[in-house]
Structure formats: C-alpha cells, structure tokens
Amino acid sequence: MDSWVNSAEILGSDLPLELSGTGNRRAVLMDALREAVRSGRLAPGTRLPPYRSLAADLGLARNTVADAYAELVAEGWLAARQGSGTRVAERAVPVTPVHRPRTPERAARPVHDLVQGQPDPSVFPRTAWLASARRALAAAPDDAFGPGDPHGRPELRRALAGYLARVRGVRAAPERIVLCSGAAHGLRLLAEVVGGPWAAEEYGLPFHRELLASHGVGTRPLGVDADGARVDGLTRRDRAVLLTPAHQFPTGGPLHPARRAAVVDWARATGGLVVEDDYDGEFRYDRQPVGAVQGLDPEHVVLVGSVSKSLSPALRIGWMVLPQRLVAPVVAAKGEREQFSSATEQLTLADFVESGAYDRQVRRMRQRHRRRRDQLVAALHARAPHVRVTGIAAGLHAVVELPPGTERSAVRAAARLGLAVEGLGDYLHPGAGRGPGAPGTPRAGAVGGVGAAGGAGSVRARAAGDTLVPQRDGLVVGYATPAESAYQEALDALCRSLPPVSPPVPAPPRPPAAP
C-alpha cells in the first residue's frame, strides 16, 4: 500500500484523455492531445504530466507517450524545456467561442473608501498568525480534527475567559462562553432562543434589525442622545434590548453610568435580557476603555464580541458570554456539531491570545486608529471648520456632523469624487419618531426614571402630527478602512465633498415706522 501511495505521488498530476478510434496508439494519443489544446481544455502554459505518469494512467507503453510528446513539440503544439517539463505551447489556437450570457456590469469600485466596518486588511498580522497556527496545529489534540463541539474549542474559551476578564471586566467561566461565527450569528441564535419583541437603539446597523426580523423578532427604537440610549423607554413587554454601551453605534457616545445601572435594574425587575454588542470596546483613545455592562450582572446581560474589528472579519470567529440559563438552549440552537467556525482557526486564535500576540496587535491598532482619527479632526478643522466630529475618541469610525438638510447632497458629492462614505440617516431605525419609542414622548409601562431628553440640537422636529422625527445630518466616516498610502487622498476627497458654510439668513426688512 505504501509503495502504491509513494509511486502515485511521484507520478504527478492527472490528465484524463479519451483514446477513441483504432489504429496506431501514438497517433490516437496525439489526436486526443491536439483536441484538448484546440478546445481550450488544455490552456497555453499548462504543464502536462510526465510521460511515465501518463503512460501508467492510460495503459500505454512509455515510449509511445514519449514519442507522441516529441512529435507534438516538433509540430509546435507543445513546448519542452529542461527542468520545467512539457507544457502546452504559447501559441494562437483557434478555439470555438463559448457563448456566455451577458451579466450586468458591476458598478465601478470607488477610488477612496471611507465606509465604516472593517480594519485595513493590509495590517493583518500574518507572520504572528502563522506562528500561532504552527504551534496550535503541532499541539492540537486528535479530537480537534473530528466533528466539532457546538460549544466551541475549550482552548479558545479558556483563553477568552481570561482575556475578557482582564481587559473588559467580564465575569464568566469558560463554560459560559459559546463560540459563534461573528456577532450576526450570535444575534441570530439569541433571537431563536429568547424570542421577541426587542428594543434597540434608534441608530444602529440595519443589517442587525433585518436579521432579527427575519427570525420573527421585531425591534422597537429607543432614543439616543449624548449619554447613549434612552433606557427609560424600556417596557415590561420588551424581551430584550440590544445596546452598544461602550461606543454607541454609530453616533459615538458611551452609555452614561446611571443608564448602565438603570438597564440592569430593568432586566432584574422584568426578567428581560440586555444584549451588549461589544463591537469595538478595546479601542478607546482618550482614556482606558470602560468595562462591559456584563460585569454588573452576568445573569441578565449577554456580551457579544468578535475579532472582526481587531483582526479581520474574514476569520469568522465570535463569542457570546451567556447567563447560565441560556448556555444549553443556545448550544442546542447551534446544532449537534460545529458548522460555522473552523476548529483549527479557533485553536490558532487561542494561541494568539495566550501568547500575547493579540494584545500587541490591539495596541498597535489602537495607536494607528488614534492617529487616523486625529488626522481626520485636523483636516476638518483646517478645511471645513463649520463641521465637527462628534462622539468620543474611540472605535474605527467617527460621525461628521453636517448642517441641517445637507447629508444627502454631501453623499452624492462624495460619490462624484470617487469616495464611498455613508450618511448617518442610513442607520436610523425606520420606526424612530413614531409611537412610544420616539425621543421626548411618554412611554407607557416604562420601568425606572433615568434618562433625560436629548441635548439641544440632537434632534430636529419635523411636522408629523404630535411626534418628533429624529433627523441628524452627518456622515459616518470609517477612518480605519483605507491603506496608509491612500488615507490622505481620501481625506482630501471628503473635505471637498462637504457643504460650504451656510450663508447668513438676511433679516426681514423692518416695516416702515408708523407716522
């Protein structure tokens, strides 16, 4: 058996050929090879198997194949070079055109990309990740290569329990951590287990709201101001609330300490669940990151996190730190086997965290993102002082606040300059300003009394009956996305796309004085 395997490895790649016809076997083989080249099956430059390998596969004498190769080289169909084997010659061969249905042309990619949501892929720590992968594979137990446990690899759950406790103030044993393929996957599982309805911040990812809705969980908007979500709007009907307490997405404010306590009190009083999306909690630039809300009450708060912002969304590794009562139902919802996240990548991340490489990468990215944000603020101060960056110095994006009524025109101007950037209005909950979720309107059945009305200028009233429709004009600028060499040009395009200073409104003429 071993000799057969070794000989198969030596023989090289396969080339199935149909040797039809009668007569000389060399001529039949040559016709088959010519047809394979003529039809495009063997493209110019394709390396053919060694003649011994092809002879063994086709049941021909070695000399028959060697002579066929030599004659096709002489005819110009093949080319042979010492050390590189026999290949299809680089020559023009009439090929019957294959009809392919026309597909719609893709829109031209933007020249500059300031869309939020991902770090610059060129800064992925390839060398350190490869070193962790080698160590992890060398030390991996045999069961890592069998059907995966839906709970996730214990090595990574132990590493995350220590890291999250140290960096984010999370209180959890490894048994309370369930691995998933990212925050979206975690929300999908929680929607299946918890049910609805949920409350959610009026500004947030539309994708998350749509994902919950696709699983039968509707969301009701909570107002957002400079102190984060207006948690005084939570009611006893809400089964859960989805929050981004460390850095409200996308407006950029942290959840006020009093509101952090109030949302935990709501969960205790009603049996509701706080779902804490800790999407960029490690990236705070003006101070140490604020600890997770989960640390206040692990039995009523789920922390959801991933490596999408710190490493890459391509890794598809996330986690949920769950109350004890939800561990078994969530694992059951995942299925009998791990279907979503590679065991080898989980083991690699475990080593990456344990070795300190993850901390080093986060520190490196924190310095880089802080410098990017400072450059954004400086560019706007110099070239567009009439706009300002709002929110705390944190994360991978910032909101550039615009004069009222200018957001859509700024997005269109950016597109004309080849700049991809999104408006703040793209993230507004479609139900914001209607019914009990509207900021500034009473909320029937509200629990607790923490939370004041939004600051002056945070909402603009539009005529809509007796309700206020929140409308803040701004751009959500992802300053982490471009490569280093492209960032300054992207900032230049951004500044050129901004609306000019609004001219002062002339005062109405005074009526003539009464005689």
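Everything below is about the structure shown above.
Predicted model only: the values in this text are computed from it and were never measured.

What follows is about the sheet that holds strand S16 (residues 422–423). In space, the 4 strands of this open sheet follow the order S13-S14-S17-S16, with antiparallel pairing throughout. Looking at the sheet topology across the chains shown, the edges are occupied by strand S13 (388–390) and S16. Summarising the sheet, S16 and strand S17 (residues 474–477) pair through 2 bridges and their orientation is antiparallel. Its bridge partner lying in S17, Gly 423 is registered against Leu 475. Against the sheet, helix H12 (residues 357–383) contacts S13, strand S14 (398–401) and S17, and its axis sits at roughly 145 degrees relative to S13.

Closest axis-to-axis distance for the helix H7 (residues 183–194)/helix H8 (residues 206–214) pair is 9 Å, and the angle between their directions is 30 degrees. In this view, H7 runs roughly parallel relative to H8, as classed from their interaxial angle. Remark: the crossing between H7 and H8 carries right-handed chirality. Along the contact surface, H7 presents Ala 184, Leu 187, Arg 188 and Ala 191, while H8 presents Phe 207, His 208, Leu 211 and Leu 212. Grouping the amino acids of the contact of H7 with H8 by side-chain chemistry returns 6 nonpolar, 1 polar and 1 charged.

Our focus in this paragraph is the nonpolar core. Counting residues in each nonpolar core, the largest one holds 58 residues, and the members touching the most others are Leu 311, Trp 319, Leu 349, Leu 376, Leu 380, Leu 475 and Leu 494. With 7 residues, H12 is the single largest residue contributor to this core. With 26 residues, the next largest nonpolar core counts Ala 191, Leu 211, Val 302 and Met 320 among its residues.

Right, let's get into the layout of surface pockets. Rolled over the atoms, a probe with the dimensions of a water molecule shows which regions are left empty. Estimates place the volume of the largest pocket at around 530 Å³. Surrounding the largest pocket, 27 residues form its lining, Ala 183, Leu 205, His 208, Asp 277 and Lys 309 being those nearest its centre. Looking at the lining of the largest pocket, the elements that each hand over two or more residues are H7, strand S5 (198–201), H8, strand S9 (240–243) and strand S11 (301–306).

This part takes up the packing of aromatic side chains. Both the distance between ring centres and the angle between the ring planes are used here to describe each pair of aromatic rings. Under the definition given, this model contains 6 aromatic pairs. The interplanar angle of 85 degrees and the centroid separation of 5.5 Å between the aromatic rings of Phe 249 and Tyr 279 together place this pair among those described as edge-to-face. Note that Phe 249 is positioned in the loop between S9 and helix H9 (257–270) and Tyr 279 in the loop between strand S10 (273–277) and S11, a separation of 30 residues in sequence. In this structure, Phe 249 and Tyr 279 share a single accessibility class: buried. Clustering of aromatic rings is evident, with ring pairs tying together Phe 124, Trp 129, Tyr 163, Phe 352 and Tyr 358. Sitting above the plane of the Tyr 487 ring, Arg 372 keeps its charged end 4.4 Å from the centroid.

Rules behind the numbers
Residues numbered from 1 in each chain as written. Predicted model: local features only at pLDDT ≥ 70, side-chain atom pairs only at ≥ 80, totals over all residues. Heavy atoms only, no water. Pairing = 2+ DSSP bridges. Helix = DSSP H or I, 4+ residues; strand = E, 2+ residues; numbered from the N terminus. Contact = heavy atoms within 4.5 Å. Axes fitted to C-alpha atoms, helices over the stretch in contact; angles between N-to-C directions. Parallel < 35°, antiparallel > 145°, perpendicular 65-115°, else oblique. Left-handed = near helix turned anticlockwise from the far one by under 90°. Nonpolar A, V, L, I, M, F, W, Y, C, P; charged D, E, K, R; others polar. Core = buried A, V, L, I, M, F, W, Y, C linked by side-chain atoms within 4.5 Å. Buried < 20%, exposed > 50% of the residue type's maximum accessible area, 1.4 Å probe, protein only. 1 Å grid on protein atoms, 1.4 Å probe; cavity = no way out; pocket = protein on both sides within 12 Å on 5 of 7 lines; lining within 4 Å. Points joined across faces, edges and corners; volume = space filled by probe spheres on them. Phe/Tyr/Trp six-rings, centres within 6.5 Å; stacked < 30°, edge-to-face > 60°. Lys NZ or Arg CZ within 6 Å of the ring centre and 35° of its normal.

None of this, on its own, says anything about what the molecule does.
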